[in-house]
Amino acid sequence: MDLMNWQPRRWLRIVLPTALIIIWLAVAGLGGPTFGKISEVSTNDQAAFLPASAESTAVQDWQSKFVDSASIPAVVVLTSPRLLTPAQLAEIGTLSTKLGAVDGVQKPVAPQTTTIAGPIPSSDQMAVEFLVPVADVGNVKAVVADLRDVIGANLPAGMSSYVTGPAGLTADLVNAFSGIDGILLLVALLAVFVILLVVYRSVVLPILVLLTSVVALCGAIVVVFYLAKWDVIKLNGQSQGILSILVIGAATDYSLLLVARFREALHEVQSKWTALGRAFKGAWEPIVASGGTVILALLCLLFSDLNSNRSLGPIAAIGIFFSLLAALTFLPALLLAFGRGAFWPFLPRVEHIHKHTAPVPAQGLDAMAQNDVDRGLAGIGGLWRRVGLLIARRPRATWVLTLVLLLAAGTGIFQLQANGVSQTQVILGASNAVDGQKVLAEHFDAGSGSPVVIIADQGKQAQVVSAVEGVKGIASASVYTGSGRPDATAAPVVKDGRVLINATLADQADSDAAEQVVQDLRAQLPAVDSGVLVGGVSAIALDTNVTAQRDLVKIVPLVLVVILLVLMLLLRSIVAPLVLIGSVVLSYGAAMGISAIVFNHVFGFPGADATVPLFGFVFLVALGVDYNIFLMTRVREEAKIMGTRAGVLRGLGKTGSVITSAGVVLAATFAALGVIPLLFLAQLAFIVAFGVLLDTVVVRSLLVPALSYDIGRHLWWPAKLGRAQKEVES
């Protein structure tokens, strides 16, 4: 089929776009209501994302044998500005029954007993705590809210209350994610609309592009929802937010490339069908190549040991697939339905000019370079003409200076503190649980309610308890008896010859000091009991950080190799792909370097999640290659006609505006992640937004074109294209 001059029959002109629009609107009809149900299949339990090989995962398996309920503890803390009186303590004691009656709290098996431990007074007699096991772990947010309501209604005058511990922190984390479905999407879509309105000065086109993004997201949400429901993948709030932003940004980028080609063709031909055929012929290959590259890069996360990383790979890949599909089917149907009206009020008109003939006079160029400029920049004006002239005059100086600046920016990466942060530092907004942890540390052993859990041999329990208590950072240790609190006279619970030991930490369970205690226990206890296992909240955090750092070393080379192979197949070259891979790695390093400086000295962040460098790498490298693919496929197309150096200038001039617009849109959509008050998402938002802008404005506009221009025809080695231009450029 000749797409350049396709003129279908009259009935097909109506039926085809109408059918595509109806199909996608039906997909949107299915996906829209699914947004409201996505939380049903989402979990934010950190332990669920650890690999089966992690020691803390093995401890969790053993815990389920000792404790029938898979509950997580909430720590209720009540504080007074002065010493508590016996009357106040008696009044506080009545709370135990009321807390135990809250729906979702673990109920006692036998009558006349309670699962609530407390009230436990502090040594300074100014605070008390209750340990409340929350059994309904799938509904922690509601249970914690009910606990706070009960406490608020029964709080003695003059006292303050907090619900913290693992359950309280999880509930506040879920609350922070609650803005993903509403605020995040609204901010992202509004940002894209405003940018497109400014760039295209059209009221209709931004709506068409946003519709394409929305239907793509609806399709992706439906698939992800059912895969999570059937336990094929694990979904959390983090992945959900990234999916939404990625689909909106990617679908918009792919749409802009097709729209730019369509508008360019409308200036050349009258028929909208012919114009779309030309646009599709020029755009489908880079769009498919870009989407395919991102999908393959994301699927490399399947090799991650951390389940959260491994789950994000297919979730994000599904989003990119639907972005690709919508941009190549739904958007063309909309463009055919609206025709030139899509660009109202500035309708593109046919311009009868001869391509590549207008001279572009420039100073300081020899005859051959002037010839490249005349052909490459004919008909191109404004900013991209000036950039093209700079590259033609001083290609080597341009790319060397850009390279030096990127390398200098990259030195900041040594300041990146990506060793993980405590859970109390993850939430950036107001949090009753975070405040409660601080109060807990002031009046009690900070690790109360979140003990280190140790599985030991029954015959060595006394020696293990003694060894545990001798480790610095451990406040106390006791063998689990099933009564809910230490009891030296009760017999320990024994399962398969093993006992469970709870060790209370002197420091907060999610602190660096607590993780160091876990490392010390794992180093020292095997000398007492070779089969001992150390787990619990602190161990989970430690194992997560260690696994994330191991994933970074494994997945980064894999992503680079996959992208390099795709580029070689696409460009039929070895040199050009190496140039592009090198450029995006430089861009990533510079973005991470600047980000580290900003995090430490501008925002004052306490550190970074261990997964931040990996996620930043995957998104920046994959998406950065997108723009280079958009550029280099056009350069290759033009190089076949006019030679490589002229083709570089022509490709830069023709793609400059659309790629810059796409980069600004993607940066704005990722920046929208910053509205969710979570440290990880705020950092990822800055890294990707800044990195995309850096890649778009500096790397793709200066470094890659200048280096490609300097290399000349050898850029396509060993392809025939380079050899065919020998007479022209040598």
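Up top is the structure.
Residues numbered from 1 in each chain as written. Predicted model: local features only at pLDDT ≥ 70, side-chain atom pairs only at ≥ 80, totals over all residues. Heavy atoms only, no water.

K.L.:
Talk me through the overall build of the chain; I want residue IDs and the actual numbers.
P.N.:
On a plain count of helices and strands, the chain comes out with 25 helices and nine strands. Put simply, the chain has 730 residues, and 56% of those count as buried. A fraction of 81% describes how many contacts in the chain between residues 6 or more apart in sequence connect residues 24 or more apart. Just so you have it, the chain exposes about 29,300 Å², and 62% of that area is on carbon and sulfur atoms. (Helix = DSSP H or I, 4+ residues; strand = E, 2+ residues; numbered from the N terminus. Buried < 20%, exposed > 50% of the residue type's maximum accessible area, 1.4 Å probe, protein only. Contact = heavy atoms within 4.5 Å. Areas by Shrake-Rupley, 256 points an atom, 1.4 Å probe, with all protein chains shown as cover.)

K.L.:
Describe the packing of aromatic side chains, listing the residues and the values that go with them.
P.N.:
Counted by the stated rule, this structure contains 15 aromatic pairs. Each ring, one from W24 and one from F330, has its centre 6.4 Å from the other, and the planes form 55°; the classification is tilted. Separated by 306 residues along the polypeptide, W24 in helix α1 (residues 10-35) and F330 in helix α11 (residues 307-338) bring together distant segments of the chain. The same class applies to W24 as to F330, namely buried. Members of the aromatic cluster, connected to one another through ring pairs, are F599, F603, F605, F686 and F690. Across from the ring centre of W62, 4.1 Å away, lies the NZ or CZ of K65, which sits over that ring. Above the face of the W62 ring, R498 is positioned so that its terminal group lies 5.2 Å from the ring centre. (Phe/Tyr/Trp six-rings, centres within 6.5 Å; stacked < 30°, edge-to-face > 60°. Lys NZ or Arg CZ within 6 Å of the ring centre and 35° of its normal.)

K.L.:
Give me the lowdown on the packing of helix α9 (residues 237-266) against helix α21 (residues 612-642), citing residues and values where you can.
P.N.:
Packing of α9 against α21 leaves a shortest axis separation of 13 Å and a crossing angle of 10°. Judged on the interaxial angle alone, α21 and α9 are roughly parallel. Contacts between α9 and α21 involve Q238, I242, L246, D253, Y254, L257, R261 and E264 from the first element and F615, F619, L623, D626, Y627, F630, R634 and E637 from the second. In terms of residue class, the contact of α9 with α21 is built from nine nonpolar, one polar and six charged. (Axes fitted to C-alpha atoms, helices over the stretch in contact; angles between N-to-C directions. Parallel < 35°, antiparallel > 145°, perpendicular 65-115°, else oblique. Nonpolar A, V, L, I, M, F, W, Y, C, P; charged D, E, K, R; others polar.)

K.L.:
Talk me through a nonpolar patch on the surface; I want residue IDs and the actual numbers.
P.N.:
Residues L197, V203, I207, L211 and W344 make up a contiguous nonpolar surface patch of about 440 Å² in total accessible area. Tracing the sequence through the fold places L197 in helix α7 (residues 180-200). Overall, the relative accessible area of 34% leaves L197 in the partly exposed class. (Patch = residues over 30% accessible without salt bridge, like charges linked within 9 Å, V, L, I, M, F, W, Y side chains within 5 Å. Salt bridge = Lys/Arg side-chain N within 4 Å of Asp/Glu carboxyl O.)

K.L.:
Can you explain the pattern of salt bridges? Please cite residues and give values.
P.N.:
This model, assessed by the stated rule, comprises 13 salt bridges. In this structure, the salt-bridge partner of E637 is R261, at a minimum N-O distance of 2.8 Å. Here E637 is found in helix α21, whereas its partner R261 is found in helix α9, with 376 residues between them in sequence. Judged by its relative accessible area of 13%, R261 falls in the buried class. A salt bridge links D305 to R550; the shortest N-O distance between them is 3.3 Å. Taken together, the positions of D305 in the loop between α10 (272-299) and α11 and R550 in helix α19 (residues 537-571) put the pair 245 residues apart, joining distant regions of the chain. With relative accessibility at 25%, the residue D305 sits in the partly exposed group. It is possible to trace a salt-bridge network through shared partners that takes in E264, R634, E638 and K654.

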